[in-house]
Amino acid sequence: MRSFSEGWKRIRSAPALLLGVYAMTLVLALPLAITMRGLLRTHLGASLAADGAATGVNYDWWQEFSSQATGMGTTFTPTIIGFAATLDNVSSLLDGQRESAPVAAALALYLVAWTFLAGGIIDRYARQRPVRTAGFFAASGMHFFGLLRLAVMASVVYGWLFAYVHRWLFLEWLVDHTRTMSVERDVFLWRVALYTVFGFLLVVVNVIFDYAKIRLVVEDRRSALGALSAAMRFVWRRLGRVAGLYALNAVTFLILMAIWALIAPGARGGGVTLWLGFFVAQLYLLARLALKLQFIASETALFQSSLAHASYTAAPLPAWPESPAAELMR
Amino acid sequence: MAAIIGKIRRVPFDSRSGHPDLRRGVPHRRTSLFLAAVFAVAAIGARGQGGSDQQRGSDSQGGSKDPPLRVVGVQTHDAPEPGARSPRNANYDIDVRLDHAARTLSGRQTIRWRNTSARPTSELQFHLYWNAWRDPNSTWLRERKMARNYTAPLPDGWGAMDVSSIRLHEPSGSMRDLTSQMKFIASGDGNPEDRTVLSVPLGLSVEPNETIQVELAWTGKVPRGIARTGFIEDFYFIAQWFPKLGVLEDSGWNTHQFHAPTEFYADFGVYDVRITVPSPFIVGATGRQTSRVDNGNGTTTHRYHEEDVHDFAWTASPDYIDLTRTFTHPGLPPVEIRLLMQPEHRGQEDRYFSATEAALTRYGAWFGAYPYGHATVVDPAFQSQADGMEYPTFFTGRARYFPSRTRQTPEMTVAHEAGHQWWYGMVATNEFEHAWMDEGINTYATARVLAEAFPDNRWELRYFGGHVPWSSPDVPFSRLDNDRMAGYRDNAEADVPATPSFRYWPTSAAIMSYNKTALWLHTLENHLGWPVMQRVLSTFFERWKFRHPQPADFFQTVNEVSGQDLTWFFDQVYRSSNTFDYGVQDLVSERRDDGAYRTTVIVRRYGEATFPVEVVTTFTDGDQITEKWDGLDRRAIYTYDRASRVARVQVDPRRVLLLDTAYTNNSRTLDPRGGEASLGWAARWMVWLQDLMLTYAFFL
């Protein structure tokens with residue numbers, strides 16, 4: 001519990017980080033959104049179909065667009081509206097569905113960007129004092145390749161989980177086991193059970209790699225494999241505390257989802273209504289990002305309270321090299 | 001006189017039950033006298049016809065002989081009783097036993113069949129539908145593999161139907177065994193491994209209007225739920241389960257092999273069926289239950305009877321919740337609705353009943369009253385493959401454990417299948433060749449029912465393996481969506497609708513039969529107006545109920561009732577695969593030296609199909625000009641000199657032509673809001689993308 005609240009405290013003390021990752025999310029999504037706007041605008045042309053689409057859902061036009069869409073255009077479906085978007089994304093993830101190539105490319109770029117920033121984020125939360133922009137990016141750069149190696153290992157593990165374990169659980173075992181069941185409730189409960197099993201495996205991998213990243217940055221480790229094995233030891237020896245903290249954060253996530261389900265804006269109206277809804281949606285995304293940072297911050301706090309002390313990091317405070325002119329002035 | 005009577009090949013008849021009396025070997029005395037009188041009249045009349053009778057009486061060597069005495073103009077005693085709605089020329093008396101442990105049926109049936117065609121026949125042809133799932137080499141399974149998402153049956157999931165004996169009642173009263181002469185035929189694709197059509201040479205000629213009686217013994221291996229029939233756990237839905245006669249038409253036997261994209265075709269008759277199942281099972285079936293007998297050995301025999309139907313299906317399960325409600329409506333006869341419900345769908349019964357009642361009310365008012373007085377609705381088990389299917393007086397719906405929050409299920413399905421009682425059940429079209437005549441007309445009518453009875457319908461999707469529903473209140477599901485516009489656009493050119501349905505490409509067969517037909521019927525309604533359209537359909541129904549109409553009969557009815565020759569329309573929508581696409585090519589409004597505006601409107605026919613459309617030009621001062629374009633040329637140009645600039649132009653603004661595959665290009669405005677609309681929707685899409693990014697950020 002102390003680590004949970006400590007995590008939120010560290011987030012509040014570094015609002016720039018939250019704004020920074022939000023900006024990154026926005027910047028990486030923007031080019032695709034501009035492309036999508038172009039696709040929609042081209043299709044609407046100067047037609048009157050735009051009148052209906054400007055103030056709400058013109059489903060007839062929407063279906064016509066969908067029937068002609070290719071590539072990224074195929075992602076423009078009614079599932080993008082309000083809470084359906086979140087439901088669709090989580091469902092697609094759990095059901096192992098693939099994204100279109102442009103979206104997959106954006107996701108990959110996003111994950112690489114996060115990997116780069118993660119070093120600076122963990123370093124800042126660990127030090128618990130301002131490091132300035134230069135120091136932040138210096139830390140990010142310093143730890144990037146180590147974190148990248150961890151990310152590659154993580155992608156191999158996750159890839160195996162989805163390609164083999166998920167496939168075996170949901171496309172083979174579940175189908176074979178429930179194919180002869182005549183009560184949908186029972187089939188659904190089996191699916192939920194498998195979601196739980198698979199979700200547990202994802203969480204275990206997720207937790208281990210989280211602490212691997214933390215140990216790599218906080219202890220200034222050079223070996224990604226070393227950080228990984230150290231993380232496994234750490235998690236195993238403090239299973240209860242690690243699990244408890246993760247559970248607290250997960251419950252917070254569920255509460256956020258429930259709130260979002262209630263307040264998610266629909267698709268009616270244009271003008272002020274539309275942009276108000278967009279603003280509310282951005283606030284929700286900001287909250288999700290905060291929660292993402294909370295996972296990192298609280299786990300860092302837990303690690304430091306277990307094996308070190310608050311603000312401990314092995315690496316010296318990153319200093320941006322001064323320019324030759326500045327040296328001359330000195 | 002006895003010799004004359006013997007020639008007719010009558011069989012013993014029990015006048016009390018109305019069924020063949022197989023216990024007796026001599027005709028009923030009163031009936032014999034009646035027939036004798038009839039024959040006497042016929043014989044006297046035949047003497048005046050001279051040569052033509054002698055010609056009919058010629059034997060196969062070309063010589064003449066006394067014509068076989070047949071009842072000309074008067075039906076035999078097993079022909080329709082006064083008040084019969086249909087010809088009743090294919091009557092089935094069936095005993096069937098379900099072996100629940102072995103998943104088999106064993107049956108005996110007696111068929112009384114009257115040749116209602118204009119040609120004699122010396123064979124019978126039967127459908128053995130369940131042989132479509134006997135092995136992977138059947139025509140049905142070969143065609144299904146061409147479609148998406150094919151899954152082979154489980155090892156215990158195959159079906160089969162085997163006729164162990166067939167015997168013909170001779171005029172003398174003896175039985176002639178025809179079993180050794182049975183053979184499978186595949187007149188469609190010549191597939192020697194397809195065993196869905198059985199031909200049985202009779203060794204004699206059945207002349208027009210003559211009746212024969214045959215007895216069959218057969219067994220069936222119940223398949224695991226496939227194509228609306230089969231079992232899953234303790235749930236059985238049994239359809240196409242007995243050897244069923246094809247239809248003898250003037251051109252010969254119409255007994256198609258069972259194809260993946262098609263359904264069925266049979267003659268009307270009386271069905272009397274005794275179904276023996278384990279006693280705990282609740283049974284529902286076509287018709288009314290007339291008796292229920294506990295056999296004392298753990299089984300119960302349920303007897304069902306129905307007249308003037310062309311098929312019989314049944315269901316059995318120990319888990320059903322059995323509910324009844326009576327439909328009443330001023331001006332329509334009451335109907336007792338029996339609902340057999342799955343326990344896990346309890347709470348959705350009102351939705352089933354209200355959807356059935358909505359169909360009974362509107363179809364009854366629009367086309368004609370439902371005459372049977374009862375209907376059984378089945379809520380099928382999950383994964384039974386029995387959902388959304390129709391049989392006479394008996395049909396299935398579709399419900400989910402997490403109830404739909406819209407009207408998609410069960411209302412849409414139930415209203416559609418109830419509607420099939422008219423289009424398929426009473427107007428008994430050939431579903432092998434003209435599936436559009438039942439599916440398309442019914443889809444069109446169902447869409448109208450749903451728009452009236454359930455106008456609040458919304459788009460819905462299901463997540464997490466298709467279980468959890470989510471709908472957006474902002475995305476309406478309109479009548480056009482119920483006409484299935486969405487699927488049509490992608491497949492508009494897939495086939496020529498006039499192609500016999502069994503030759504449609506498997507993945508787009510439904511689009512042709514359901515979607516495209518509903519859309520052109522709705523277009524026709526827009527063109528003629530609903531009052532005329534309603535008269536067309538009610539006339540067609542009244543004229544062809546309990547008969548087998550062809551497409552030409554429908555088109556003729558449309559032309560007759562509308563008072564227009566709409567052949568040009570049917571040439572476009574039915575006899576070709578051309579698509580419709582009208583649009584605005586250009587819109588310019590140039591200011592002249594005198595301050596007025598010269599507006600040029602260029603509209604274009606992008607598609608190959610043609611239809612007359614309106615072109616409405618609106619000016620900034622509010623004035624409108626409507627042009628009627630016959631739509632034949634590739635282009636039409638309209639020029640206007642007006643004080644005001646043009647605001648917008650629309651081709652077919654009233655959306656008469658629903659088959660236009662690209663309606664967006666039908667309009668153009670000089671003050672477009674495409675930028676605003678695309679910005680808003682791109683912003684909403686970006687939120688989805690950001691949410692997706694954060695979801696994948698879980699992995700970091």
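Given the structure is predicted, the values throughout are model-derived calculations rather than measurements. (Residues numbered from 1 in each chain as written. Chains lettered and ligands numbered in written order. Predicted model: local features only at pLDDT ≥ 70, side-chain atom pairs only at ≥ 80, totals over all residues. Heavy atoms only, no water.)

Attention shifts here to the overall build of chain A. From N to C terminus, chain A includes twelve helices and zero strands. Viewed in the frame of its principal axes, chain A has a C-alpha envelope of about 65 × 60 × 30 Å. Counting over 330 residues, chain A shows a buried share of 50%. Taking as baseline every contact in chain A between residues at least 6 positions apart, the subset at least 24 positions apart corresponds to 78%. Total accessible area computed for chain A in this model is approximately 15,100 Å², and 69% of it derives from carbon and sulfur atoms. (Helix = DSSP H or I, 4+ residues; strand = E, 2+ residues; numbered from the N terminus. Buried < 20%, exposed > 50% of the residue type's maximum accessible area, 1.4 Å probe, protein only. Contact = heavy atoms within 4.5 Å. Areas by Shrake-Rupley, 256 points an atom, 1.4 Å probe, with all protein chains shown as cover.)

The helix and strand inventory of chain B stands at 14 helices and 34 strands. Looking at chain B residue by residue over its 700 residues, the buried ones come to 61%. Residue pairs in contact within chain B that sit at least 24 positions apart in sequence constitute 71% of those at least 6 positions apart. For chain B, the exposed surface amounts to about 26,200 Å²; the carbon and sulfur share of it is 49%.

Formed by 164 residues in total, the largest nonpolar core has its most connected members in B:Trp241, B:Trp314 and B:Phe554. Among the nonpolar cores identified, the runner-up in size contains 118 residues, and A:Trp61, A:Ile81, A:Leu216 and A:Val218 belong to it. (Core = buried A, V, L, I, M, F, W, Y, C linked by side-chain atoms within 4.5 Å.)

Of the residues lining the interface, 71 residues belong to chain B; the matching set on chain A comes to 96 residues. Broken down residue by residue, the surface that chain B buries against chain A is led by B:Trp681, B:Trp685 and B:Leu700, which jointly contribute 11%. Seen at the junction of chain B and chain A, the total is five salt bridges. On inspection of chain B and its partner chain A, the count reaches 38 residue pairs in polar contact (both at pLDDT 80 or more). Looking at the side of chain B that touches chain A, the elements with two or more residues in it are strand S26 (458-463), strand S27 (468-476), helix H8 (479-482), helix H9 (485-490), strand S33 (646-651), strand S34 (667-669) and helix H14 (674-696) of chain B. If one sorts the elements of the side of chain B that touches chain A by residue count, H14(B) sits on top with 23 residues. Per-class residue counts for the side of chain B that touches chain A are 40 nonpolar, 16 polar and 15 charged. (Buried area = accessible area lost by both parts, 1.4 Å probe. Salt bridge = Lys/Arg side-chain N within 4 Å of Asp/Glu carboxyl O. Polar contact = N/O pair within 3.5 Å; in protein donor to acceptor, adjacent residues only side chain to side chain. Nonpolar A, V, L, I, M, F, W, Y, C, P; charged D, E, K, R; others polar.)

Throughout the structure, instances matching the rule amount to 78 aromatic pairs over all chains. With centroids separated by 5.1 Å and ring planes inclined at 35°, the aromatic side chains of A:Tyr211 and A:Phe234 adopt a geometry described as tilted. Placement of the pair is A:Tyr211 in helix H8 (residues 184-218) and A:Phe234 in helix H9 (residues 224-237), with a sequence separation of 23 residues. With respect to burial, A:Tyr211 and A:Phe234 carry one shared label: buried. Pairing B:Phe231 with B:Tyr236 gives two aromatic rings, centres 6.2 Å apart and planes at 40°, and the pair type is tilted. A single burial state applies to B:Phe231 and to B:Tyr236, both of which are buried. (Phe/Tyr/Trp six-rings, centres within 6.5 Å; stacked < 30°, edge-to-face > 60°.)

A few words now on the layout of surface pockets. Estimated volume of the second largest pocket: approximately 1,400 Å³. Of all the secondary structure elements, the ones that give two or more residues to the lining of the second largest pocket are helix H5 (83-94), H8, H9, helix H10 (239-263) and helix H11 (272-307) of chain A together with H14 of chain B. Broken down by element, the residue count for the lining of the second largest pocket peaks at 13 residues, all from H8(A). Considered class by class, the residues forming the lining of the second largest pocket number 36 nonpolar, five polar and three charged. (1 Å grid on protein atoms, 1.4 Å probe; cavity = no way out; pocket = protein on both sides within 12 Å on 5 of 7 lines; lining within 4 Å. Points joined across faces, edges and corners; volume = space filled by probe spheres on them.)

Let us now look at a nonpolar patch on the surface. Side chains of A:Val251, A:Ile255, A:Ile259, A:Leu262 and A:Ile263 sit close together on the surface and give an oily, nonpolar patch of about 510 Å² of accessible area. Turning to its location among the elements, A:Leu262 is positioned in helix H10. (Patch = residues over 30% accessible without salt bridge, like charges linked within 9 Å, V, L, I, M, F, W, Y side chains within 5 Å.)

Residues and elements named next belong to chain B. Even without glycine at this site, arginine 88 takes up a positive phi of about 50°. Although it is not a glycine, phenylalanine 464 adopts a positive phi angle of roughly 55°. Relative to the helices and strands, phenylalanine 464 resides in the loop between S26 and S27. The class for phenylalanine 464 is buried, based on a relative accessible area of 14%.

Next up on the list: the sheet that holds strand S16 (residues 269-278) of chain B. Residues and elements named next belong to chain B. Strand order in this open sheet of eight strands is S7-S6-S10-S4-S3-S16-S19-S18, and the pairing throughout is mixed. Every interior strand has two partners, whereas the edge strands, strand S7 (175-177) and strand S18 (288-294), have only one. Neighbour-to-neighbour, the strand axes of the sheet open up by a mean angle of 20°, direction not taken into account. (Pairing = 2+ DSSP bridges. Axes fitted to C-alpha atoms, helices over the stretch in contact; angles between N-to-C directions.)

Okay, the side chain of A:Thr115 next. If you trace the backbone, A:Thr115 turns up in helix H6 (residues 101-127). On the basis of relative accessibility, which here comes to 8%, the residue A:Thr115 falls in the buried class. A distance of 2.7 Å separates a polar side-chain atom of A:Thr115 from the backbone oxygen of A:Leu111. Those residues in contact with A:Thr115 that lie beyond four places of it in its chain are A:Phe144, A:Leu147, A:Leu148, A:Ala151 and B:Leu700.

In a beta sheet, neighbouring strands pair by backbone hydrogen bonds and run either parallel or antiparallel. All names here are of chain B. Here we have three strands laid out as an open sheet, ordered S28-S29-S32, and antiparallel in their pairing. One side of each edge strand has no neighbouring strand; the edge strands of this open sheet are strand S28 (582-591) and strand S32 (635-642). Sheet twist, expressed as the mean angle between neighbouring strand axes with direction ignored, is 15°.

This part is about H8(A). The end-to-end C-alpha distance of H8(A), which contains 35 residues, comes to 49 Å, matching closely the 51 Å that a straight helix rising 1.5 Å per residue would cover. Following H8(A) by one or two positions, A:Asp220 has its phi on the positive side, about 50°. (Expected span 1.5 Å × (residues − 1).)

As a further point, take the confidence of the model for chain B. All names here are of chain B. Predicted confidence across chain B gives a mean pLDDT of 88, with 88% of residues reaching 70 or more. In the predicted structure, residues 1-29 sits below a pLDDT of 50 and forms 54 contacts with residues beyond four places in sequence or in another chain. Here residues 36-77 scores under 50 on pLDDT; set against residues more than four positions off or in separate chains, the count is 35 contacts. The ipTM value of the predicted complex is 0.94, and its pTM value is 0.87. (pLDDT = per-residue confidence, 0-100.)

Our focus in this paragraph is the pairing of S27(B). Sheet analysis places S26(B) next to S27(B), joined by five bridges and oriented antiparallel. Bridge pairing links B:Arg462 to B:Pro469 in S27(B).

Moving on, we get to empty space enclosed by the protein. All names here are of chain B. Scanning the entire structure with this criterion turns up five cavities of 30 Å³ or more. Its boundaries defined by the atoms lining it, the second largest cavity holds a volume of some 50 Å³. In this structure, the second largest cavity is lined by Lys244, Phe264, Tyr265, Ala266, His310, Asp311, Tyr424, Ala428, Thr429, Glu431 and His548. A per-class count over the lining of the second largest cavity returns five nonpolar, three polar and three charged.

With that settled, the discussion passes to the packing of helix H10 (residues 509-528) of chain B against helix H11 (residues 530-544) of chain B. Residue and element names in this part refer to chain B. In contact at an axis separation of 6 Å, H10 and H11 are set at 125° when each is read in the N-to-C sense. Between H10 and H11, the angle is such that the two are oblique. Every residue of H11 that contacts H10 at Leu521, Leu524, Glu525 and Leu528 is listed here: Trp530, Val532 and Met533. Considered class by class, the residues forming the contact of H10 with H11 number six nonpolar, no polar and one charged. (Parallel < 35°, antiparallel > 145°, perpendicular 65-115°, else oblique.)

Right, let's get into the environment of B:Thr499. Residue and element names in this part refer to chain B. Looking at where threonine 499 falls in the secondary structure, it is placed in the loop between H9 and H10. With 24 residues separating them in the primary sequence, threonine 499 and threonine 523 have C-alpha atoms 21 Å apart. In this structure threonine 499 touches Glu433 and Tyr504, once residues within four positions along its chain are discounted. A distance of 2.7 Å separates a polar side-chain atom of threonine 499 from the backbone oxygen of valine 496.

All names here are of chain B. Assignment of secondary structure puts tyrosine 582 in strand S28. Given the relative accessible area of 0%, tyrosine 582 is considered buried. The spacing of tyrosine 582 and leucine 202 is 380 residues in sequence and 58 Å in space, taken between C-alpha atoms. Within the structure, tyrosine 582 has its side chain in polar contact with the backbone nitrogen of phenylalanine 611 (distance 2.9 Å).

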